[in-house]
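Understanding the architecture of this molecule
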Amino acid sequence: NKYNWVARWCGGSNAGHTIYVNSKKYITHIVPAGIFHNISCYIGPDCFINLKDFDTEMEYLKNNGFDTSLVYVSRRAHVITEDNVSEDREKYKEQQGSTGKGIAPTARNKFGRTGITLKSYIQQNPDDPIVTKYHNNFYDMQDISPLYGNVLCEGAQGFWLDINFGNYPYVTSANTLPYSACSLGFSPKLIRNIWGAAKIYDTRVGVDPEFMTVYSPPQADSQILLNIADVGEEFGSTTNRKRGVNWLNLDKLIEAINVSGVNNLVISKTDILSNKDINTYKFYFSDKLNQYNSLEEMMQTLKELILFLCPHI
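As the structure is a prediction and not an experimental result, all values here were calculated from the model. (Residues numbered from 1 in each chain as written. Predicted model: local features only at pLDDT ≥ 70, side-chain atom pairs only at ≥ 80, totals over all residues. Heavy atoms only, no water.)

In this section: the overall build of the protein. Looking only at helices and strands, the protein has 10 helices and 15 strands in total. A compact globule built from 313 residues would reach a C-alpha radius of gyration of about 20 Å, and the protein, at 20 Å, matches this within 12%. In terms of overall dimensions, the protein has C-alpha extents of about 65 × 45 × 35 Å along its principal axes. Burial status across the protein gives 46% buried among its 313 residues. (Helix = DSSP H or I, 4+ residues; strand = E, 2+ residues; numbered from the N terminus. Rg over C-alpha atoms; globule rule 2.2 N^0.38 Å. Buried < 20%, exposed > 50% of the residue type's maximum accessible area, 1.4 Å probe, protein only.)

Put into structure tokens, the structure is as follows:
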């Protein structure tokens, strides 16, 4: 009960979040993680909403015993149409590694002032079964935002998928950095803490020519990296595509921390490297691949370097 709201500020059902509650696995795409803790959830105006996907996810959560009346969607959010999905799959899915969920065409229409907001969709389709079904979940007050009290803002996609900072055009159609959370409707002066999440190794799903070429792992490591992908169950939560795996690039992680202002960092999946089929501890730093004898030795070095080079942590 630390938070009054968990609010999603960007993206759509192209995101995939894997959540474990009491050892049971759940996967969501658009509904914020607060739903698993009985906390009010808000999908903000800079998000893209596919009403069929939203309905599917709400039914999934309801059938698993979660209170979907806690979920609210801004009527300023833009609606993903079937035409948007078809165009995405035809133009972007193969060439740029898109999830094919219609995000890019919807974003283009939004900024071209030809998009369809949830508010206008409801006005044009008042008898749509999904509109009728979730009328109370669609937020339509005059205030910019319904948020109050303690708010946890939830991102989607990582720093290096940001439309400005990623390897354009192999990026997502959104600003993924923390400053974009203010699109939910509050002053940046209210931001107190910025949490960053990273894995102990790097992963990438979709197309990105830089991922395995700028820091190309030794050929001898190929099988180990494949083992990491298998043991770590590295499959995209949205598309089920197998993720590419590489050793942690600490230079890029440090840049991401400093640009985004992260002051709390979580590094996950450290146990994967200790698996008997892997038992290898490496990361890139200053254009060099460094190897360590144990996870403890590697983590200690990482901690020292991050604390020294990231003044906000």
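So that's the structure; there's more coming.
In terms of nonpolar packing, the biggest core is built from 30 residues, with Ile-228, Leu-250, Leu-273, Phe-283 and Met-298 touching the most fellow members. Broken down by secondary-structure element, the contributors of at least two residues to this core are α7 (222-231), β12 (244-249), α8 (250-260), α9 (270-273), β14 (281-285) and α10 (295-309). Those residues in contact with Phe-283, other than ones at most four positions away along the chain, are Trp-247, Leu-248, Leu-250, Lys-288, Leu-289, Asn-290, Tyr-292, Met-298, Thr-301, Leu-302 and Leu-305. By size, the runner-up hydrophobic cluster in this structure holds 27 residues, among which are Leu-51, Ile-122, Val-131 and Phe-138. (Core = buried A, V, L, I, M, F, W, Y, C linked by side-chain atoms within 4.5 Å. Contact = heavy atoms within 4.5 Å.)

With that settled, consider unusual backbone geometry. Of the consecutive residues Tyr-168 and Pro-169, the connecting peptide bond is found in the cis state with omega at 10°. Residue Ser-286 is not a glycine yet carries a positive backbone phi of 55°. With respect to the helices and strands, Ser-286 occurs in the loop between β14 and β15 (288-292). Since its relative accessible area comes to 47%, Ser-286 is described here as partly exposed.

Quick look at the sheet that holds β15 now. Pairing is mixed in the open sheet, where 4 strands are placed in the order β11-β12-β14-β15. The open sheet is flanked by β11 (201-204) and β15, the only strands paired with a single partner. Within the sheet, the average angular offset between the axes of one strand and its neighbour, ignoring direction, is 45°. Relative to β15, β14 is paired through 5 bridges, and the arrangement is antiparallel. Residue pairing across strands places Tyr-281 opposite Tyr-292, the latter belonging to β15. Against the sheet, α10 contacts β12, β14 and β15, and its axis sits at roughly 25° relative to β14. (Pairing = 2+ DSSP bridges. Axes fitted to C-alpha atoms, helices over the stretch in contact; angles between N-to-C directions.)

Coordinates in, geometry out; function isn't part of it.
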